[in-house]
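Descriptive analysis of the structure
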Amino acid sequence: MATPVLVCGSMAFDTIAVFEGRFKEHILADRIQSLSVSFLVPSMRKEYGGCSGNIAYTMNLLGGKPVPVATVGEDAGEYMERLSGLGIDTSRVKVIPDTFTAQCFITTDLDDNQITAFHPGAMAFAAENDLSDAEAAWAIVAPDAKEGMFAHAERLHRRGIPFIFDLGQAMPLFDGADLERMLKLSQALTVNDYEAGIVEQRTGRSVADIASTLQAVVVTRGAEGATLYTDGKTIQIAPVRASQVVDPTGCGDAQRGGLLYGLTSGWSWEDSCRLGNVMGAIKIASRGPQNHAPSRADIDAVLHATYGIHLPA
């Protein structure tokens, strides 16, 4: 039976529209002080997103038991129904009355430039989602409202539930002191290579030094694989060749989903990172963060072909 994993983070709707032109041809530099523009966007799609939802989606594909911990608005019915329909436990998703679910509105042009507006909505109440009675083998504290991330970390620490601190898009919110506070509460850190440099800069410590006080630090490097720091060793995790590169949105979340599934299956950090790489490579071949739908057999085939290991039965 799968072991429950608490997936703390945001749940959001992403609305992505495409302007079939170029922003630079319509935004005049000498008139920027009185900007008023309108773009016709004949192509638009709505995606389910947010770190908690994305990580839970990928874990569920593997046969894991993710339990999203998030705050949503009164408009989240379709999202909740979708997760429940996939067999995902939504008992710890809290609906905040009189709010909207966090939403990101993105308009892209033909040069892949983006104009984005983000409404945090119910995410601002993340700290109100109490975990004082929670039980789990592992958890992750992924990007969310800053106060919520600290609240989840403190509650998980008091419950003795080990968790991964996933900095991600929350990076601008955390100064050096904030990072040190979170690292003292967590058992592991996951960052991409750019975020790793920022963490080193803000804490004044190297990644290797930070790893010496944790179970592990995982630094993802996109097409170059990942670097694992654990037990005083630095291990390079070879990359997985993607079938095609379509959309990187949500690849980090997919990697975390694979990593957590490996850990709760009793795997080593190294093999868990390998599975994380596989899930990131599978996700990048699909548009949107929750549209990849490989079978376990598909995942196992890529895992075995790349690393010579199999998923647990």
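Residues numbered from 1 in each chain as written. Predicted model: local features only at pLDDT ≥ 70, side-chain atom pairs only at ≥ 80, totals over all residues. Heavy atoms only, no water.

**Regarding the sheet that holds strand E1 (residues 4-8)**
Reading across from one edge, E5-E4-E1-E8-E9-E10-E11-E12-E13 is the order of the nine strands in this open sheet, with mixed pairing throughout. The sheet terminates laterally at strand E5 (93-95) and strand E13 (233-237), the two strands that pair on one side only. Adjacent strand axes in the sheet meet at a mean angle of 20°, parallel and antiparallel pairs treated alike. With three bridges joining them, strand E4 (residues 65-72) and E5 adopt parallel strand pairing. Bridged to threonine 71 within E5 is lysine 94. In the packing of helix H7 (residues 251-264) onto the sheet, contacts are made with E1, strand E8 (138-141), strand E9 (163-166), strand E10 (188-192) and strand E11 (216-220), and the angle to E8 comes to roughly 160°. (Pairing = 2+ DSSP bridges. Helix = DSSP H or I, 4+ residues; strand = E, 2+ residues; numbered from the N terminus. Axes fitted to C-alpha atoms, helices over the stretch in contact; angles between N-to-C directions. Contact = heavy atoms within 4.5 Å.)

**Topic: the nonpolar core**
Ile164, Trp269 and Leu275 are the most contacted members of the largest nonpolar core, which has 36 residues in total. Sort the elements by how many residues they give to this core and helix H8 (residues 269-283) lands first, with seven residues. Each residue touching isoleucine 164, except ones within four places of it in the same chain, is listed here: Trp138, Ala139, Ile140, Val141, Ala188, Thr190, Leu259, Leu260, Leu263 and Trp269. One finds Val141, Ile161, Phe174 and Ile210 within the second-largest nonpolar core, a separate group that totals 35 residues. (Core = buried A, V, L, I, M, F, W, Y, C linked by side-chain atoms within 4.5 Å. Buried < 20%, exposed > 50% of the residue type's maximum accessible area, 1.4 Å probe, protein only.)

**Describing the state of the cysteines**
Overall, the coordinates contain zero disulfides when judged by the stated rule. Considering cysteine sulfurs only, cysteine 51 is the nearest to cysteine 8, which forms no disulfide, with 12 Å between them. Overall, cysteine 8 belongs to the buried group, its relative accessible area being 0%. Here cysteine 273 is not disulfide-linked; the sulfur of cysteine 251 is the nearest cysteine sulfur, at 16 Å. With relative accessibility at 0%, the residue cysteine 273 sits in the buried group. (Disulfide = S-S within 2.5 Å.)

**What to know about the pairing of E13**
Note that strand E12 (residues 226-230) and E13 share five bridges and pair antiparallel. Note that in E13 the partner of alanine 226 across the bridge is isoleucine 237. Hairpin connection from E12 to E13: two residues lie between these consecutive antiparallel strands, with aspartate 231 at a positive phi of about 55°.

**Describing the side chain of threonine 190**
Examined against the element boundaries, threonine 190 turns out to sit in strand E10. Polar contacts involving the side chain of threonine 190 include one to the side chain of aspartate 166, which spans 3.4 Å. In this view, threonine 190 contacts Ile164, Phe165, Asp166, Leu167, Val218, Arg256 and Leu259; residues no more than four positions away in its chain are not counted. (Polar contact = N/O pair within 3.5 Å; in protein donor to acceptor, adjacent residues only side chain to side chain.)

**Examining the packing of helix H3 (residues 146-159) against helix H4 (residues 176-185)**
In contact at an axis separation of 9 Å, H3 and H4 are set at 30° when each is read in the N-to-C sense. Taken together, the axes of H3 and H4 are roughly parallel relative to one another. In the crossing of H3 with H4, the sense of the turn from one axis to the other is left-handed. For the pair H3 and H4, the contacting residues are Lys146, Met149, Phe150, Ala153, Glu154 and His157 in the first and Asp178, Arg181, Met182, Lys184 and Leu185 in the second. Considered class by class, the residues forming the contact of H3 with H4 number five nonpolar, one polar and five charged. (Parallel < 35°, antiparallel > 145°, perpendicular 65-115°, else oblique. Left-handed = near helix turned anticlockwise from the far one by under 90°. Nonpolar A, V, L, I, M, F, W, Y, C, P; charged D, E, K, R; others polar.)

**Some remarks on the pattern of salt bridges**
Enumeration over the complete set of coordinates arrives at 14 salt bridges. Its salt-bridge partner being aspartate 130, residue arginine 155 comes within 3.4 Å of it at the nearest N-O pair. Taken as a pair, arginine 155 in helix H3 and aspartate 130 in the loop between strand E7 (114-119) and E8 lie far apart in primary sequence, 25 residues in all. Assessed through its relative accessible area of 16%, arginine 155 is described here as buried. (Salt bridge = Lys/Arg side-chain N within 4 Å of Asp/Glu carboxyl O.)

Purely geometric numbers; function is a separate question.
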